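What follows is the residue order along each chain.
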Amino acid sequence: MVNLNLLPKRLRRRTGPDWWRTAAIVVPLLLFGATAYVHLGTQARLNKLLDQRDQLQAEVQILRPYINEYHKLEKRRRELEAIAKVAREVRATFRPWSEYLAQFLNRLPARRGQLLVSLRSLSARTIDPEKAQGLYGVPAGVEFTLRGEAASDRALIDFVHTFENDPGFGINFQNASYDRKTRIYTFSASVGMVLPAKKLAKAGGGAQ
């Protein structure tokens, strides 16, 4: 049997696939599927990260006592370092003044156990060895400034000669006056004393 459609073309029923209708159904499905895939993948990664976070938090809790102990030890280390720094500074600026003074006084001229001069005042300070070289002729590390009295000109001369002739000392004689009534010489001078190499390296500050 042959079917003939005698209706005009505009009234005929369309046959064959409807592409627009198909696309309207398929495209949203594809978009939904892609979105669902991305969402599921993201959720899986998020869950994995959350699991890792929980695991790390659990490890931190286990290690908490050790971490606290580490912080305590670190604090103690800083405190000890501060104490050690102060100790180093003290050692660097320490001067054995009793030794310096004894060394100087033992060099004062004496006769039959009696000092030829008496000291009315005495002060001491450290000095730059290079500066001392020009002033005393020796690289002194300590300088004594004094005022004294001598009972005779011979005693005064012996005092000056003592520190002029000793390679460990140098003297800068400043002035002297003679009192005819008391027959006493009053004088002032400064004496530079060379320190042993180890002590000389530490000399730098001043003390009175």
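1. Looking at the overall build of the protein
Scanning the protein for helices and strands turns up 5 helices and 6 strands. Each helix and strand of the protein, placed in order from N terminus to C terminus, yields the pattern α-α-β-β-β-α-β-α-β-β-α. The buried share among the 208 residues of the protein stands at 22%. Of all intrachain contacts in the protein linking residues separated by at least 6 positions in sequence, the fraction that spans at least 24 positions is 64%.

2. Let's talk about the sheet that holds strand E3 (residues 117–126)
If you walk across this open sheet you meet the 4 strands as E3-E4-E6-E5, and the pairing is antiparallel. The outermost strands of the open sheet, each flanked by one partner alone, are E3 and strand E5 (169–179). Direction aside, the axes of adjacent strands within the sheet are offset by 15° on average. In this structure, E3 lies alongside strand E4 (residues 142–150), joined through 9 bridges in antiparallel fashion. The partner of Arg125 across the bridge, within E4, is Glu143. Here helix H3 (residues 129–136) sits on the sheet in contact with E3, E4, E5 and strand E6 (184–193), set at roughly 50° to E5.

3. Notes on the nonpolar core
In terms of nonpolar packing, the biggest core is built from 23 residues, with Phe104, Phe159 and Phe163 touching the most fellow members. Counting only elements with at least two residues in this core, the list comes to helix H2 (97–105), E3, E4, helix H4 (153–165), E5 and E6. Apart from residues lying up to four places away in sequence, Phe163 is in contact with Phe104, Arg107, Leu108, Phe169, Gly170, Ile171 and Val191. In terms of nonpolar packing, the next biggest core, distinct from the first, is built from 5 residues, Ile127, Ala132, Tyr136 and Val138 among them.

Analysis parameters
- Residues numbered from 1 in each chain as written.
- Predicted model: local features only at pLDDT ≥ 70, side-chain atom pairs only at ≥ 80, totals over all residues.
- Heavy atoms only, no water.
- Helix = DSSP H or I, 4+ residues; strand = E, 2+ residues; numbered from the N terminus.
- Buried < 20%, exposed > 50% of the residue type's maximum accessible area, 1.4 Å probe, protein only.
- Contact = heavy atoms within 4.5 Å.
- Pairing = 2+ DSSP bridges.
- Axes fitted to C-alpha atoms, helices over the stretch in contact; angles between N-to-C directions.
- Core = buried A, V, L, I, M, F, W, Y, C linked by side-chain atoms within 4.5 Å.

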